[in-house]
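Structural characterization, general
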Amino acid sequence: MTDSKYFTTTKKGEIFELKAELNSDKKEKKKEAVKKVIASMTVGKDVSALFPDVVNCMQTDNLELKKLVYLYLMNYAKSQPDMAIMAVNTFVKDCEDPNPLIRALAVRTMGCIRVDKITEYLCEPLRKCLKDEDPYVRKTAAVCVAKLHDINAQLVEDQGFLDTLKDLISDSNPMVVANAVAALSEIAESHPSSNLLDLNPQSINKLLTALNECTEWGQIFILDCLANYTPKDDREAQSICERVTPRLSHANSAVVLSAVKVLMKFMEMLSKDLDYYGTLLKKLAPPLVTLLSAEPELQYVALRNINLIVQKRPEILKHEMKVFFVKYNDPIYVKLEKLDIMIRLASQANIAQVLAELKEYATEVDVDFVRKAVRAIGRCAIKVEQSAERCVSTLLDLIQTKVNYVVQEAIVVIKDIFRKYPNKYESVIATLCENLDSLDEPEARAAMIWIVGEYAERIDNADELLESFLEGFHDESTQVQLQLLTAIVKLFLKKPTETQELVQQVLSLATQDSDNPDLRDRGYIYWRLLSTDPVAAKEVVLAEKPLISEETDLIEPTLLDELICYIGTLASVYHKPPSAFVEGGRGVVHKSLPPRTASSESTESPETAPAGAPSGEQPDVIPTQGDLLGDLLNLDLGPPVGGPPLTTSSVQMGAVDLLGGGLDSLIGGPNFVAPPAATVPPNLGTSMGSGLSDLFDLTSGVGTLSGSYVAPKAVWLPAMKAKGLEISGTFTRQVGSISMDLQLTNKALQVMTDFAIQFNRNSFGLAPAAPLQVHAPLSPNQTVEISLPLNTVGSVMKMEPLNNLQVAVKNNIDVFYFSTLYPLHILFVEDGKMDRQMFLATWKDIPNENEAQFQIRDCSLNAEAVSSRLQSSNIFTVAKRNVEGQDMLYQSLKLTNGIWVLAELRIQPGNPSFTLSLKCRAPEVSQHVYQAYETILKN
């Protein structure tokens, strides 16, 4: 009879009987009793009262009985920690048992008992098992370290278990290596900053050797570990790829996907001219195709991963279109995913096949699938120009079927085809207009209205058609209302005499009767345009539209690169980075593909601050919501101070100027005149300064013309936060003029144009002195360097921190916000050298509580070198003394707003620590001046 009999008992009060049986002298009876206890525990009965009796049964040679007792212990040790300590001696004894299975069982159970009191007793047995002669015990002990680390990380580090784990990576047994890698990866995941898996070519070689011999799950651990390694050059990358390639033929799909991940990552480093690169592409296709013959759930995971691979390297599967054709019995989620990949692989070579297949799908019964198939035909037309005509005729055939949802989808995609190929297929408009009455979905109605408005001159009864939509204007969705408003304005501009009433009707509906702010705003803008300047209105509303891009639903390149590093994980199924769906304390590390060049390129991450830069104070790239509300509402969109006033055309409406006329300065419009770039800003000492400036003889000691220290460029706005636009930059001061040196990189899929920049009000009135000049459109993957001249005559508002600058950058895609910290030394002016007498009088005059003292450590320069280096950044030495072997430098500097800062710098020859004392009437500046000293002296 099987063990199921233990679960069928319905006795009451059996705890007492079990107690007696557990204490029986007969081994068989004991074993039966423990089985009954485990059965009761499994179905949820509380048998914790039997704890001491079960623990007594641990002293046995019978492996089966020992396993059962250990199972009981794991379950109840947490609720009975004091009793569990009774079992410690047995564990310690079992860890020295001659039978390796018992040693391994003991160490495995120890790892599962999550009781703090017990863990310290288990360190000694675990240490022995990690060095055990039997590999089975060592591999079990390796996993136990990860479990123990989860309970008490400090204990594991103090006992040196992590070093022992690292040594196990060089073990002779492949399974021990795999488990050591798994344990270290697990620990490293919860401590992203620790460099536990310190991989080097030697350890990689050991891992690759173990890869061939360990179990499938061991192989996955090793492959995932390899994926986190960055080879030093393309030769090493190729060598690793050659040794990983055999894993592609493994029966386990998880091993295959992990191998694909490693190869996809390292292929980045291989030159496309290599013969091996072509061979590797050919080898990657068959395993991916094989994954599609598995059960539907596995197929779906494989398809989601293939979708990423096809976006990154379509050449891998370009000849495998047929395997993505839909089978009649595929579940809907597999069908939709296959359809997506078919469109991505569509090309001139296979388009006939694809279209025939898609037309077939459009007659299926599953509504969602049919919709997607019709949309796919439109996407093929946009992607492969040669097939556009055939696609349009296919769509017209589908419209003739008069199936409602098919017609609606067809109209939506034909709108996109018109956008891609203007003046080519407009002959089909008449057919589309016949189906006007059957449209009931917002997207289809909006698409049809767009077509009627865009081609109003070709449609005789366009006004009647649009008027029919206007009758139920308030019942329509926002999307349709906005489209209808624009279409009627287009119609009015094309046929002004016939449609005056219609346009007035829609404008009053949109502005007076609507609660939707978007609709109201658009209505008012059109109203003002039409009443002020119909010619301008024509240029705006009937402007030529840019062609739409081929692939509109590609994943953004930086995100795609990150997802490639997560092939075979949940991230690759969701198509989201782990940070988007993983909650909790575990840090999620952002991964990225290795750089394509060999080791010559520095792989230092752009986030690392330059040496000497103030660390830990960089504000968020995007300001917090509070900052945005407070400060960006004050964002000065008017013309920069110092430029001539704007000339505004007279407005006939008699209403307030809704747009405030100030957008021109942000957009760099025709009325925008920037102040000359090289004007020296007037002295603003009265606004924020000390009022001392007029007492000083400013003619003495004008600074030298050499430039001040320039920090290396840092990434200010990452591409992921700005729809593909990456902005890096730094600030410079050369011969009295300040500039912001920018590097703009387009990592998106579309061209970027119409750049403009604006600063929020800031502590020192920094503002652009000229528009942002990007002379040519910025194509995908292109980088441009720009130097933007700045002045200090903008609006002033004290920021926190003082040197925080909030910036808005606009292009044809959107407006993006970021904030950065500028080094204060760019504001040190050239006439900052104070007369000696004045220095002495001012030092005494400034109250002592305004004095701040700082230490500058690790600086090995002598007094002469310090003085000349600081002078190049406009910090001037007024006097120098030697007191008791110490060099004392007395220095002065002046900020652009007239604030003077006085300094005393004490340098002890041979001592790398300097003492800096600063005095200033605005003491909040001192901390930032000290940071400027640090930055200049250490770089």
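Per an unreviewed UniProt entry, the recorded name for the protein chain is AP complex subunit beta, and the organism is Mustela putorius furo. In the Sequence similarities (unreviewed entry) part of its UniProt record, the protein chain is described as follows: "Belongs to the adaptor complexes large subunit family."

1. Points about the overall build of the protein chain
When helices and strands are tallied, the protein chain shows 39 helices and 13 strands. When each of the 939 residues of the protein chain is scored for burial, the buried share is 49%. Considering only intrachain contacts with a sequence separation of at least 6, the fraction spanning at least 24 residues in the protein chain is 68%.

2. With respect to the pattern of salt bridges
Counting across every chain of the model gives 35 salt bridges. For Asp-224, the salt bridge goes to Lys-261, with nearest N and O atoms at 3.0 Å. Placement of the pair is Asp-224 in helix 15 (residues 216-227) and Lys-261 in helix 17 (residues 253-267), with a sequence separation of 37 residues. Asp-224 gets classed as partly exposed once you look at its relative accessible area, which sits at 26%. Lys-261 gets classed as buried once you look at its relative accessible area, which sits at 5%. Among the salt bridges present, the one from Glu-443 reaches Arg-375, with a minimum N-O distance of 3.1 Å. With Glu-443 in helix 26 (residues 442-454) and Arg-375 in helix 22 (residues 367-383), this residue pair connects regions lying 68 residues apart in the sequence. Note on Glu-443: relative accessible area 36%, which makes it partly exposed. Salt bridges sharing partners connect three or more residues here, namely Arg-371, Arg-375, Glu-409, Glu-441 and Glu-443.

3. Observations concerning helix 39 (residues 926-938)
The end-to-end C-alpha separation of helix 39 is 18 Å, in line with the 18 Å expected for 13 residues at 1.5 Å each. Those residues of helix 39 not exposed but buried are Ser-926, His-928, Val-929, Tyr-930, Gln-931, Ala-932, Tyr-933, Glu-934, Thr-935, Ile-936 and Leu-937. Residues of helix 39 that are buried sit in contact with strand 9 (851-856), helix 38 (863-871), strand 11 (886-894), strand 12 (900-907) and strand 13 (914-920).

4. Observations concerning the sheet that holds strand 12
The sheet built from five strands is open, its strands ordered 9-13-12-11-10 with antiparallel pairing. The open sheet has two free edges, formed respectively by strand 9 and strand 10 (876-883), since each of these has just one partner strand. Direction aside, neighbouring strands of the sheet carry axes that sit 20° apart on average. In the sheet, strand 12 pairs with strand 13 via six bridges, with the strands oriented antiparallel. For Leu-902, the partnering residue across the bridge sits in strand 13 and is Lys-919.

5. Digging into the sheet that holds strand 7 (residues 804-810)
Pairing is antiparallel in the open sheet, where three strands are placed in the order 4-7-8. Edge strands, defined here as strands with exactly one partner in the open sheet, are strand 4 (756-759) and strand 8 (815-821). Within this sheet the neighbouring strands show an average axis-to-axis angle of 25°, counted without direction.

6. With respect to the packing of helix 26 against helix 28 (residues 478-494)
Each pair of packed helices can be summarised by the angle the axes make with each other and by the distance between the axes. Two numbers describe how helix 26 lies on helix 28: the axes approach to 8 Å, and their chain directions differ by 10°. By the angle class used here, helix 26 and helix 28 are roughly parallel. Counting all contacts with helix 26, which are made through Pro-442, Glu-443, Arg-445, Ala-446, Ile-449, Trp-450, Gly-453 and Glu-454, the residues of helix 28 involved are Gln-479, Val-480, Gln-483, Leu-484, Ala-487, Lys-490 and Lys-494.

7. Some thoughts on the pairing of strand 3 (residues 737-746)
For strand 3, a buried count of eight out of ten residues is recorded, marking the element as mostly surrounded by other parts of the structure. In sequence, strand 2 (residues 725-734) turns back onto strand 3 through a hairpin of two residues, with Val-735 there showing a positive phi of about 45°. Strand direction decides the pairing type here: strand 3 and strand 6 (residues 783-791), joined by eight bridges, are antiparallel. Considered in strand 6, the bridge of Thr-745 is made with Thr-783.

8. Describing the environment of Ala-537
Tracing the backbone through its elements, the reader meets Ala-537 in helix 31 (residues 534-541). Note on Ala-537: relative accessible area 1%, which makes it buried. Counting along the chain gives eleven residues from Ala-537 to Tyr-526, while the straight-line C-alpha distance between them is 7.6 Å. Here Ala-537 is in contact with Leu-493, Leu-529, Leu-530 and Leu-542, once residues within four sequence places are set aside.

9. Some points on the packing of aromatic side chains
For the structure on display, the rule yields twelve aromatic pairs. The interplanar angle of 35° and the centroid separation of 5.3 Å between the aromatic rings of Trp-716 and Phe-731 together place this pair among those described as tilted. Within this pair, whereas Trp-716 is found in strand 1 (residues 714-717), its partner Phe-731 is found in strand 2, the two being separated by 15 residues in sequence. Accessibility expressed as a relative area gives 2% for Phe-731, which makes it buried. Among the aromatic side chains, those forming a connected cluster through ring pairs are Trp-716, Phe-731, Phe-764, Phe-818 and Tyr-822.

10. Describing the packing of helix 27 (residues 462-470) against helix 28
Packing of helix 27 against helix 28 brings their axes to within 11 Å, and their N-to-C directions diverge by 155°. By the angle class used here, helix 27 and helix 28 are roughly antiparallel. Relative to helix 28, the crossing made by helix 27 is left-handed. Contacts between helix 27 and helix 28 involve Ala-462, Asp-463, Leu-466, Phe-469 and Leu-470 on the former and, on the latter, Leu-484, Ala-487, Ile-488 and Leu-491. Taken together, the residues of the contact of helix 27 with helix 28 sort by class into eight nonpolar, no polar and one charged.

11. Considerations on helix 26
Here helix 26 is 13 residues long and its end C-alpha atoms lie 18 Å apart, about the 18 Å a rise of 1.5 Å per residue gives. For helix 26, the buried fraction is high: eleven of the 13 residues fall into the buried class. If you check which residues of helix 26 are buried, you get Ala-444, Arg-445, Ala-446, Ala-447, Met-448, Ile-449, Trp-450, Ile-451, Val-452, Gly-453 and Glu-454. Of the surrounding elements, those touching the buried residues of helix 26 are helix 24 (404-420), helix 25 (429-434), helix 27 and helix 28.

So, how was this worked out
The residue count restarts for each chain, going from 1 along the sequence in the order it is written. Totals for whole chains, interfaces and linings use all residues, but because this is a predicted model, local features are given only for residues with pLDDT of at least 70 and pairs of side-chain atoms are given and counted only at 80 or more. Excluding hydrogens and water, the side-chain figures rest on all heavy atoms present in the structure. UniProt positions are given in the numbering used here, feature names are shortened, and annotations may be inferred rather than shown by experiment. Runs of E in the DSSP output that reach at least two residues are strands. Runs of H or I that reach at least four are helices, and both are numbered from the N terminus. Burial status follows relative accessibility: with a 1.4 Å probe on protein chains alone, a residue under 20% of its type maximum counts as buried, one over 50% as exposed, and anything between as partly exposed. Here, residues are in contact when the closest pair of their heavy atoms is within 4.5 Å. Whenever a carboxyl oxygen of Asp or Glu lies within 4 Å of a side-chain nitrogen of Lys or Arg, that contact is scored as a salt bridge. Expected span, for any helix, means 1.5 Å times one less than how many residues it has. Think of it this way: DSSP has to see at least two bridges between two strands before they count as a pair. Axes here mean lines fitted to C-alpha atoms, for a helix over just the part in contact, with angles spanning 0 to 180 degrees between N-to-C directions. Angles below 35 degrees are treated as roughly parallel, those above 145 as roughly antiparallel, those between 65 and 115 as roughly perpendicular, and all remaining angles as oblique. Stacked, tilted and edge-to-face are the three classes applied to pairs of Phe, Tyr and Trp rings, where Trp contributes its six-membered ring and a pair requires centres within 6.5 Å; stacked means planes under 30 degrees apart, edge-to-face means over 60, and tilted covers the rest. Rotating anticlockwise by less than a right angle from the far helix to the near helix defines a left-handed crossing, while the corresponding clockwise rotation defines a right-handed one. Side-chain classes follow a simple rule in which Ala, Val, Leu, Ile, Met, Phe, Trp, Tyr, Cys and Pro form the nonpolar group, Asp, Glu, Lys and Arg form the charged group, and the remainder, Gly included, forms the polar group.

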